[in-house]
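A look at the structure
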Amino acid sequence: MAVAEVMARAQAFCARFGLRLPILLAPMAGACPAPLAIAVANAGGLGSCGALLMSPEQIRAWVNEVRAGTSGPFQLNLWVPDPPPERDRAREDAVRAFLATWGPAVPQDAGDAAPPDFAAQCEAFLETAPPVVSSVMGLYPPEFVARLKARGIAWWANISTVAEAVAAEAAGADVVVAQGMEAGGHRGCFDASRAEAEMVGLFALMPAVVDAVRIPVVATGGIADGRGVAAALMLGASAAQVGTGFLRAPEAKLAPAWADALGRTRPEDTRVSRVFSGRPGRSIATDYVRAATAPGAPPPAPYPVQRGLTAGMRAQGTKADDISRIQAWSGQSAALARAEPAGEIVARLWREAQTLLT
Ligand SMILES: Cc1cc2nc3c(=O)[nH]c(=O)nc-3n(C[C@H](O)[C@H](O)[C@H](O)COP(=O)(O)O)c2cc1C
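The notes below deal with the structure included here. (Residues numbered from 1 in each chain as written. Predicted model: local features only at pLDDT ≥ 70, side-chain atom pairs only at ≥ 80, totals over all residues. Heavy atoms only, no water.)

1. Regarding the overall build of the protein chain
Rule in force here: Where helices and strands are cited, they refer to DSSP runs of H or I of at least four residues and of E of at least two residues respectively, numbered from the N terminus. Think of it in three bands: residues with accessible area under 20% of the maximum for their type are buried, residues over 50% are exposed, and the middle band is partly exposed, with areas taken using a 1.4 Å probe on protein chains only. We call two residues in contact when some of their heavy atoms are within 4.5 Å. Using the Shrake-Rupley algorithm and a 1.4 Å probe, accessible areas are obtained, with residue cover drawn only from the displayed protein chains. Counting rule applied: Lys, Arg positive; Asp, Glu negative; His and chain ends not counted. Lys charges are placed at NZ, Arg charges at CZ, Asp charges at CG and Glu charges at CD.
When you go through the protein chain residue by residue, the secondary structure sums to 13 helices and 11 strands. Projected onto the principal axes, the alpha-carbon positions of the protein chain cover approximately 60 × 45 × 40 Å. Counting all 358 residues of the protein chain, 58% fall into the buried class. Considering only contacts within the protein chain whose residues lie at least 6 apart along the sequence, 68% involve residues at least 24 apart. Approximately 14,100 Å² of the protein chain is accessible, and the part contributed by carbon and sulfur atoms is 56%. If you average the places of the 32 positive and of the 33 negative side-chain charges in the protein chain, the two averages end up 3 Å apart.

2. A short note on unusual backbone geometry
Note that the residue after Tyr303, namely Pro304, is joined by a cis bond; omega there is -5°. The residue Pro304 is located in the loop between helix H11 (287-293) and helix H12 (305-320) in this model. Backbone geometry places Ala129, a non-glycine residue, at a positive phi of 50°.

3. A word on the pattern of salt bridges
Heads up, the rule is: For this analysis, a salt bridge means a side-chain nitrogen from Lys or Arg found within 4 Å of a carboxyl oxygen belonging to Asp or Glu.
Taken as a whole and assessed by the stated rule, the structure comprises 20 salt bridges. Between Glu198 and Arg194 there is a salt bridge, and its shortest N-O distance comes to 2.9 Å. Residue Arg194 is classed as partly exposed on the basis of its relative accessible area of 44%. Here Arg325 makes a salt bridge to Asp322, at a shortest N to O gap of 2.8 Å. The exposure class assigned to Asp322 is partly exposed, which follows from its relative accessible area of 24%. Salt bridges linked by common partners bring Arg87, Arg89, Glu92 and Asp112 together as one network.

4. Description of the environment of Pro84
Tracing the chain through its elements places Pro84 in the loop between strand E3 (74-79) and helix H4 (89-99). By relative accessible area, which is 74% here, Pro84 ends up exposed. Considering only alpha carbons, one finds Pro84 and Pro302, 218 residues apart in sequence, at a separation of 9.5 Å.

5. Section: the sheet that holds strand E11 (residues 281-284)
Cut-off, in case you're wondering: We treat two strands as partners when DSSP finds at least two bridges between them.
The strand order across the open sheet formed by three strands is E7-E11-E10, and the pairing between neighbours is antiparallel. Edge positions in the sheet fall to strand E7 (185-186) and strand E10 (270-273), since each of these pairs with one other strand and no more. Pairing between E7 and E11: two bridges, direction antiparallel. If you follow Gly185 over to E11, its bridge partner there is Arg282.

6. Re the sheet that holds strand E5 (residues 154-159)
Note the cut-off: As a rule, the C-alpha atoms of each element are fitted with a line to give its axis, helices using only the stretch in contact, and angles between N-to-C directions run from 0 to 180 degrees.
Within the open sheet, the eight strands sit side by side as E1-E9-E8-E6-E5-E4-E3-E2. Their pairing is parallel. A strand with exactly one partner marks an edge of an open sheet, and here the two such strands are strand E1 (23-25) and strand E2 (47-50). With strand direction ignored, the average angle separating the axes of adjacent strands in the sheet is 25°. Strand direction decides the pairing type here: strand E8 (residues 217-220) and strand E9 (residues 239-242), joined by three bridges, are parallel. The residue of E9 that forms the bridge with Thr220 is Gln241.

7. Observations regarding the site of the ligand
Heads up, the rule is: We call a residue near a molecule or strand as soon as one heavy atom of that residue lies within 4 Å of the molecule or strand. Polar contact is defined as a pair of N or O atoms within 3.5 Å, subject to the rule that within protein one atom must be able to donate a hydrogen and the other to accept it, and that residues adjacent in sequence are counted only when both atoms are side-chain atoms.
Not every one of the 19 residues close to the ligand is listed here, only the nearest: Pro27, Asn77, Gly222, Gly243 and Thr244. Thr244 is positioned such that a nitrogen or oxygen atom in its side chain is 2.5 Å from an oxygen atom of the ligand. For the ligand, the protein covers 97% of the area, taking 600 Å² as the surface of the free molecule.

8. Side note on helix H2 (residues 34-42)
Among the nine residues that make up H2, seven are buried, leaving the element largely enclosed by the rest of the structure. Buried residues of H2: Ala34, Leu36, Ala37, Ile38, Ala39, Val40 and Ala41, and no others.

9. Describing the side chain of Arg348
Tracing the backbone shows Arg348 in helix H13 (residues 342-357). Excluding anything up to four places from it in sequence, Arg348 contacts Arg338 and Glu340.

10. As for the packing of aromatic side chains
Selection criterion: Geometry of aromatic contacts follows a simple scheme: Phe, Tyr and Trp rings, the Trp one being its six-membered ring, pair when their centres are within 6.5 Å, and the pair is stacked under 30 degrees between planes, edge-to-face over 60, tilted otherwise. Comment: the charge-over-ring label is applied if NZ (Lys) or CZ (Arg) is within 6 Å of the ring centre and within 35 degrees of the ring normal.
Under the defined criterion, the tally for this structure stands at 12 aromatic pairs. Judged by centre distance (6.4 Å) and plane angle (45°), the rings of Phe98 and Tyr288 are tilted. Taken as a pair, Phe98 in helix H4 and Tyr288 in helix H11 lie far apart in primary sequence, 190 residues in all. A relative accessible area of 19% means that Phe98 is categorised as buried. With a centroid separation of 5.5 Å and an interplanar angle of 70°, the aromatic rings of Phe276 and Trp329 are classed as edge-to-face. Here Phe276 is found in the loop between E10 and E11, whereas its partner Trp329 is found in the loop between H12 and H13, with 53 residues between them in sequence. Classification of Phe276 as buried rests on a relative accessible area of 1%. For Arg307, the ring lying beneath its charged end belongs to Trp79, and the centroid distance is 5.6 Å.

11. Side note on the packing of helix H3 (residues 56-69) against helix H5 (residues 118-128)
Let me state the cut-off plainly: Roughly parallel covers angles under 35 degrees, roughly antiparallel covers those over 145, roughly perpendicular covers 65 to 115, and oblique covers all other angles. By convention, the crossing between two helices is left-handed when the near helix turns anticlockwise from the far helix through less than a right angle, and right-handed when the turn is clockwise.
Across the interface, H3 lies against H5 with an axial gap of 9 Å and an inter-helix angle of 25°. Here H3 lies roughly parallel to H5, going by the angle between them. The way H3 lies across H5 gives a crossing that is right-handed. For the pair formed by H3 and H5, the contact residues are Pro56, Ile59, Arg60, Val63 and Arg67 on the first element and Ala120, Gln121, Ala124, Phe125, Glu127 and Thr128 on the second.

What follows is the structure, encoded as structure tokens:
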């Protein structure tokens, strides 16, 4: 395909969503403060919010802050919830005992902590009416999709296999966001039990998804410099979504030990494991991750029980700025992330990509 067609595809996507350039901040629960989204949107890209852990009031406040700081577009993102997990107290006790060697004693009811009410979060999305709402870990219920569309809100579905992309298009998604297994944070698989078996890299996933659906495809996972952006567009992407590549920006306000560690994390220094939340996610292979995945370590409890069980250790680790106990999510291209203002990162990535594509 001629480079002119590649650029025309990206330009059409930008025109449709009010972007000046095809670089998107990835939704990252707990790591998308409003100033980060504002900086990316003001640089011409798409701002984002991973709202998984936010109450409706927090969602409204985030949107108000972003709208006060930019007239650019942004997305709000939610996890589609799984049915409640089956509890196994003996297994949880083994995890609690293990975690007590890494952080504070884990209260017996720590695993009961549930994420905020999904239906109430969906209502906050409809009320605040962002240009884009995205889903991950499954597809939104048809009634919610219909209400989004009635309000003129686009639905972008995160997928990590061809089958998920086809299902998302059939369910009415306007865009699919193809997440390669290089990605930092949780794998967005609809069925967590298949997440480790179905690890597809972005170079194989992108062309396969582009050939399987008619809607635009956004690429995400391991893109953190202009080479990655240019390659993603050549593989058929309409835009590149970047997560870890923005985490060292001052606006991300990451724990310093985590931000520093990203800069020296090679691709092989990250791991996909369930040891933080019970769902598979890619993090730096810290001491805790290595110990908790070693033979003989207690198997993690299911999501979100494991998230509750590790909360004390994670909070203590963040407070102490101790990388061993921080939930240090990281994609495989972490070392490409630079400690630059987010707007400069956006401009640099696009400048580098354009040089390669012209
Ligand atoms: C700290 C962190 C939190 C994340 N939280 C979410 C989330 O809440 N929802 C979501 O769809 N994806 C989430 N992701 C995944 C990103 O949206 C995206 O797929 C990933 O960052 C792309 O890979 P990269 O980190 O190599 O750029 C998260 C990623 C990170 C690093």
